[in-house]
Amino acid sequence: MILNTFSRAFSEAWNMLIEFPLPFLGRADDKKYVETESTVILTQLLFPVVGIVCAVLAWLLGKILGTFFYPVPAAAVFAGVLTCFCVYKDNGRGLAGLMALACYKRKDISFENTLLNLPDGIGDISMPAATLTMILVIMFKLLAFSLMVLYGYTFWLISVLVLEFTIEGDLATLSSLEQGRPQLAVKKTKQRYIWFFAAFLILFVLLKAPAANLVLFGVAFAFDHALKTYCQNRFDGIDSRIISLAAYVFELFALLLGLLFLTKGAVVLL
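Residues numbered from 1 in each chain as written. Predicted model: local features only at pLDDT ≥ 70, side-chain atom pairs only at ≥ 80, totals over all residues. Heavy atoms only, no water.

1. What to know about a nonpolar patch on the surface
Thought 1: On the surface, Val56, Leu57, Trp59, Leu60, Ile64, Phe68 and Phe69 cluster together into a nonpolar patch covering about 720 Å² of accessible area.
Thought 2: Among the structural elements, valine 56 can be located in helix H2 (residues 37-68). (Patch = residues over 30% accessible without salt bridge, like charges linked within 9 Å, V, L, I, M, F, W, Y side chains within 5 Å. Areas by Shrake-Rupley, 256 points an atom, 1.4 Å probe, with all protein chains shown as cover. Salt bridge = Lys/Arg side-chain N within 4 Å of Asp/Glu carboxyl O. Helix = DSSP H or I, 4+ residues; strand = E, 2+ residues; numbered from the N terminus.)

2. Re the confidence of the model for the chain
Thought 1: Confidence in the prediction for the chain averages 88 pLDDT; 91% of positions are at 70 or higher.
Thought 2: Looking across the chain, the model is least confident in helix H9 (residues 203-208), with a mean pLDDT of 83, and most confident in helix H7 (residues 156-171), with 96. (pLDDT = per-residue confidence, 0-100.)

3. With respect to the nonpolar core
Thought 1: Core analysis: the biggest nonpolar cluster contains 83 residues, and Val50, Phe145 and Trp156 have the highest contact counts within it.
Thought 2: Top contributing element to this core by residue count: helix H11 (residues 240-262), with 12 residues.
Thought 3: Residues within four places of valine 50 in sequence aside, it is in contact with Phe10, Ala13, Trp14, Leu17, Ile18 and Phe165. (Core = buried A, V, L, I, M, F, W, Y, C linked by side-chain atoms within 4.5 Å. Buried < 20%, exposed > 50% of the residue type's maximum accessible area, 1.4 Å probe, protein only. Contact = heavy atoms within 4.5 Å.)

4. With respect to helix H8 (residues 193-201)
Structural remark: α-helix, 3.6 residues per turn; residues separated by three or four positions point the same way.
Thought 1: Every buried residue of H8 is listed here: Ile194, Trp195, Ala198 and Leu201. Projected down its long axis, H8 shows its buried positions confined to an angular sector of 120°, all on one face. Structural note: H8 exposes Phe196 and Phe200 on the side pointing more than 90 degrees away from its buried face.
Thought 2: On its buried face, H8 is in contact with H2, H7, H9 and helix H10 (210-234). (Arc of directions from axis to C-beta.)

5. Remarks on H10
Thought 1: Taking 1.5 Å per residue, 25 residues should reach 36 Å; H10 reaches 36 Å between its end C-alpha atoms and fits that length.
Thought 2: Of the surrounding secondary structure, the elements contacted by the buried residues of H10 are H7, H8, H9 and H11.
Thought 3: Aspartate 236 occupies a position one or two residues after H10 and carries a positive phi of about 60°. (Expected span 1.5 Å × (residues − 1).)

6. Remarks on the pattern of salt bridges
Thought 1: With the rule as written, the count across this model stands at nine salt bridges.
Thought 2: Arginine 93 is paired through a salt bridge with glutamate 19; the nearest N and O atoms lie 3.4 Å apart. Of this pair, arginine 93 sits in helix H4 (residues 93-102) while glutamate 19 sits in the loop between helix H1 (2-17) and H2, and the two are 74 residues apart along the sequence.
Thought 3: Classification of glutamate 19 as partly exposed rests on a relative accessible area of 39%.
Thought 4: Of the charged contacts, one joins arginine 241 and aspartate 239 as a salt bridge, the two residues approaching to 3.0 Å between their closest N and O atoms.
Thought 5: Since its relative accessible area comes to 16%, arginine 241 is described here as buried.
Thought 6: Within the structure, one salt-bridge network assembled from shared partners comprises Lys89, Lys141, Glu164 and Glu251.

Quick look at the structure:
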């Protein structure tokens, strides 16, 4: 029973974060699963665990590539795979939202209306500014992931993904504008638990890169709190596309922070 509850909660957390399904964690035992306050909290707490799983898989990929390829080809393949994963893990909603924000002034639409009408995918927006934004973002990600392999700091993905998914888990406690109720109905007094758990999970990275890790955690918490307050006051809730956009923006910042701190400002000529 406990194993079934945990596997179902992990499956729920995975399905809310990642578009790629897990065939070995299906919903065959739905009749035995009862959604209670404790199971909802468990699902939320497993959001950063999904980040750990994805980061470990990426680290293993980097190790395998490093075994069979020279450093530069290994870095190139790693960067390509991780860039595709980060773009399509939410079906492109995060990148599409960023593309929409890049050209909202040209469309003479207010910032708030842009947030409430973000595109569902990359194909839903086609403007020169949006296309340029997509190219620049993808090029930056390819660079950032390549440097991770070349400088040996793929461990940074633990902090990036754990905190990114923690932000999504916390924002999901707001009332959904699509459903009229929170995706994760966690009581306000218990919504900080996910941050304590995330802080515990990234202790390993704290030892490896203390300054960068502390800065990233502080930015993640402040960014989440500011956006949560903004959406609650302006919209009385949040849209799932806004959550995807927030996660994507934070991810870009986290990759940039790692590039600045963990490559020590060095320039690599490939």
